[in-house]
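Take a look at the letters that make up each chain.
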Amino acid sequence: MVAWLRRSPAVCVTFVVLVVAGGGLMVAHHPQRVAVRSGAAIRAVMHNGDVAQQLRRTGWDRVEVSPLDAQLERVGFYRQGRIVFEVALDQTGKVAHAYEYASRVVPYGNPLAYEPPIVIGLGVLFVLMAGVAPLRRLRNLDVAALLTFVASVILLQRRYVGGSVLSALPALAYLTVRCTLAAFGSAGRGPDSTPLYEKLTPGWTESERVRLLRILLGSLALVFVMVGVSSTAAVDVVYAVMEGATKLLHGVLPYGHMPGDVVHGDTYPVLSYLLYTPLAAISPVGSMWDSVDVALGVAVLAALSVAAAAFRFSAGPRWRGARRSPAAESKGLRAALVWLSFPPLLITVSTGTTDVVLGAMLVFAVVLWRVPAASAAVLAAAGWFKLAPFALVPVWLAPLRGRRLVSAAAAIIGVSAAMLALLITVGGVSGLQAMAHALAYQFQRGSPQSPWAALGLLSLQPFAQASVLALIAGACVRLRRDPALATRERMAAVAAAVLLGLQLSADYWAFLYLVWVVPLMALSVLSDSAPVVAAEAAQRAGSPVPLLLPAAMR
């Protein structure tokens, strides 16, 4: 037994962290207490004249009361399983926010992006670009799993909140395991396969295929621009960052100073607001009545920049100004189209959400992996933009040695020091505490869009969170012992696995978060060259080709 543990330290560490963290989190876990008792909360809503009048028009038949946080209570009204109205009450029973869903065509984003012909057309293009022949290949199962997220989009559009989350769980769980295996599994070439696009165009030359792919990519980019910037229903997140950016321009930290029209609009790290200050200078935002049209363009630009990065990553560099071969260009164009044709992406971009920007940051961190300082700096910036990427920092540092490790660590410290300096300069030492207090909401929020609330298994959520910690710990040990594994494709896969795990174990999930991981999958499990490049890298390093999990975690 001892000898086996010595041969498999990553498995040992994974198991120990799972047991210890799982036990600790289970003991520390306490259900959020309601701010107002259910009966009193419902009566308070009914006694509010304006809200009661709106409720009568909805024809609701069921009500649910749950904590939003320690100060706010959520009262949701449903009709035939579909949410129609939602109210947030403070501890005194006063209505803090009220939102009617029944009158909205879509939850957020451009209604055009939800149209069945567009969703179906994008889905068909996604299959053509990402699928392979023969059909009995694992990659096609990955493609099918990603397409199932369309059901989550449709259910949320129809206001089936719990169903939207539950429909995504099988794919989230499968893709977490799949990306983990891709990160630490066999590096050899799998069974022979042919891209489906090439299989369906057998009589075409490579140049003819490239010509059509260019037309498709240009047309799709134009669609993203038109649908994205013309959206009439931006998500509340973009209002929050624009309002916070406007505050920063006036020398005020957003934490504790945000308008009340967005619930907890100050719950993001400071870089979320700082990056939008140039836009706020052009078009200041003080409430949800103001325009955020300029911010919609940021999401479009971020999506197109990811497509450009995917093209460059897959097609490879051009040496000494030489033109790429048609085969290389075809591969790059298909990688870009895999990303842009993912059906939920167009909807996500049309909401203006900052999640698309985060997806771009994560992709650039992977693309820059061979320059550790630059890659680590981008990853740190992503963490200061939204918290989740900080979970990747130990994985990023684990395979590095010597000067590469020092430079990467210094880059992370430098970015973090700059953000801390900004907080202290604008808000004083108390600004640090104010941000920490605001960010705490992300760890204590309650929502019907939680996988665990939808399943009615909140008591098991700490075990899922411990599993993510165990995955990170095992990955760090595995990469530390065998740095040759740390190719860009594998780092993209392990990053996707960790982020998917975080989404599975979180208090809140929406299909908008898929844009964190889909581009990383486009660079790893959906990449034509990933297995070959990984094998070659391991051979150049003189390392044996690793075996499949669990033996790979040795």
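The rules behind these values
Residues numbered from 1 in each chain as written. Predicted model: local features only at pLDDT ≥ 70, side-chain atom pairs only at ≥ 80, totals over all residues. Heavy atoms only, no water. Pairing = 2+ DSSP bridges. Helix = DSSP H or I, 4+ residues; strand = E, 2+ residues; numbered from the N terminus. Axes fitted to C-alpha atoms, helices over the stretch in contact; angles between N-to-C directions. Contact = heavy atoms within 4.5 Å. Salt bridge = Lys/Arg side-chain N within 4 Å of Asp/Glu carboxyl O. Phe/Tyr/Trp six-rings, centres within 6.5 Å; stacked < 30°, edge-to-face > 60°. Buried < 20%, exposed > 50% of the residue type's maximum accessible area, 1.4 Å probe, protein only. Lys NZ or Arg CZ within 6 Å of the ring centre and 35° of its normal. Parallel < 35°, antiparallel > 145°, perpendicular 65-115°, else oblique. Left-handed = near helix turned anticlockwise from the far one by under 90°. Nonpolar A, V, L, I, M, F, W, Y, C, P; charged D, E, K, R; others polar.

**Student:** Just to check I follow, could you spell out the sheet that holds strand β2 (residues 73-79) for this structure?
**Tutor:** Adjacent strands of a sheet form backbone hydrogen bonds with each other and so pair up, either parallel or antiparallel. Spatially, β1-β2-β3-β4 is the arrangement adopted by the 4 strands of the open sheet, whose pairing is antiparallel. In the strand order of this sheet, the two ends are held by β1 (62-67) and β4 (95-100), each with one partner. Within this sheet the neighbouring strands show an average axis-to-axis angle of 20°, counted without direction. Sheet topology note: the strand β3 (residues 82-89)/β4 ladder contains 5 bridges and is antiparallel. What sits directly across from alanine 88, in β4, is histidine 97. The strands that helix α4 (residues 49-58) touches are β2, β3 and β4; relative to β3, the one it contacts most, it runs at about 170°.

**Student:** Sorry, what's going on with the pattern of salt bridges here?
**Tutor:** Where charged atoms from two side chains of opposite charge come close, those side chains can pair. For the structure on display, the rule yields 8 salt bridges. Residues arginine 209 and glutamate 206 are paired through a salt bridge, measuring 3.5 Å at the closest nitrogen-oxygen approach. Taken together, the residues span about one helical turn, with arginine 209 and glutamate 206 both in helix α10 (residues 206-229) at a distance of 3 residues.

**Student:** Just to check I follow, could you spell out the pairing of β1 for this structure?
**Tutor:** Across 6 bridges, the pairing between β1 and β2 is antiparallel. Counted as the bridge partner of proline 67 is glutamate 73 from β2. What sits between the antiparallel neighbours β1 and β2 is a turn of 5 residues.

**Student:** How should the packing of aromatic side chains be read in this particular structure?
**Tutor:** Pairs of aromatic rings are described using the distance from one ring centre to the other and the angle between the two planes. Inspection of the entire model under this criterion finds 11 aromatic pairs. Aromatic side chains tyrosine 508 and tyrosine 513 sit 6.1 Å apart centroid to centroid with 70° between the ring planes, which places their arrangement in the edge-to-face category. Take tyrosine 508 and tyrosine 513: they sit in the same class, and that class is buried. We note arginine 62 situated over the ring of tyrosine 78; from NZ or CZ to the ring centre the distance is 4.4 Å.

**Student:** Looking at this structure, how should I read the environment of leucine 279?
**Tutor:** Residue position: leucine 279 is located in helix α13 (residues 277-282). You can call leucine 279 buried: its relative accessible area is 16%. Through-space distance from the C-alpha of leucine 279 to that of alanine 295 is 6.8 Å; in sequence the pair is 16 residues apart.

**Student:** Quick question: what am I supposed to make of the packing of α10 against helix α15 (residues 326-340) here?
**Tutor:** The description of two helices packed together rests on the angle between their axes and the distance between the axes. Running from N to C, α10 and α15 cross one another at 30°; their axes reach a closest spacing of 9 Å. Looking at the two axes, α10 sits roughly parallel to α15. α15 is crossed by α10, and the crossing has left-handed handedness. Across the interface between the two elements, Glu206, Ser207, Val210, Leu213, Arg214, Leu216, Leu217, Leu220 and Phe224 from α10 touch Pro326, Ala327, Glu329, Ser330, Leu333, Arg334, Ala336, Leu337 and Leu340 from α15. When its residues are assigned to classes, the contact of α10 with α15 shows 12 nonpolar, 2 polar and 4 charged.

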